[in-house]
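# Observations on chain architecture
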Amino acid sequence: MMVVIDFEEGPSPQPDPPHSHPHEQISYVVSGEINLFIGDRTVRLEPGDIFAVPPNVPHGIQLLSKKARLVDTFTPIREDFLEK
């Protein structure tokens, strides 16, 4: 499953709370700048960067620019993202 997620109202003074899910995630930063928090690591990312999150690993982001767009890919499908 591939989704486009737009983040707005940045820059954020604090990172989003970490979350985890049973899905493998690979994401591409289309625009904007973010800090990625994954496990005990923090990585600054900008357009063109790609990151991967293994299943069940806590992760989150902090928006560093006014806006950011990510293309997130999940396997298996995120049923919680589907319209009911």
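Look above for the structure.
What you are looking at is a predicted structure, and each value in this text was computed from that prediction instead of being measured.

To continue, consider the packing of aromatic side chains. Tallied over the entire structure, the rule returns 1 aromatic pair. Aromatic pair Phe74 and Phe81: ring centres 5.5 Å apart, planes at 85 degrees, arrangement edge-to-face. Above the ring of Phe74, the side-chain terminus of Arg78 is found at 5.0 Å from the ring centroid.

On to a nonpolar patch on the surface, then. On the surface, a cluster of nonpolar side chains totalling about 350 Å² of accessible area is made up of Ile26, Tyr28, Val30 and Ile50. Of the residues forming the nonpolar patch, the biggest block, 3 residues, is contributed by strand 2 (residues 24–31). In this structure, Tyr28 sits in strand 2.

Conventions used here
Chains are numbered independently. Their residues run from 1 in the order of the written sequence. Two thresholds apply to this predicted model, a pLDDT of at least 70 for residue-level local features and 80 or more for giving and counting side-chain atom pairs, whereas whole-chain, interface and lining totals are computed over all residues. The side-chain values count all of the structure's non-hydrogen atoms but skip hydrogen atoms and water molecules. Aromatic contacts are taken between Phe, Tyr and Trp rings whose centres are within 6.5 Å, Trp giving its six-membered ring; a plane angle under 30 degrees counts as stacked, one over 60 as edge-to-face, and the others as tilted. Geometrically, a charge over a ring is one whose NZ (Lys) or CZ (Arg) sits within 6 Å of the ring centre while staying within 35 degrees of the ring normal. A residue counts toward a patch only above 30% relative accessible area and without a salt bridge, and it is joined to like-charged neighbours within 9 Å or, for Val, Leu, Ile, Met, Phe, Trp and Tyr, to nonpolar neighbours within 5 Å. Accessible areas in this description were obtained via Shrake-Rupley with a 1.4 Å probe; residue shielding takes into account the shown protein chains only. A side-chain nitrogen of Lys or Arg and a carboxyl oxygen of Asp or Glu constitute a salt bridge if their distance falls within 4 Å. A helix here means a DSSP run of H or I that spans at least four residues, while a strand means a run of E at least two residues long, and both kinds are numbered starting from the N terminus.

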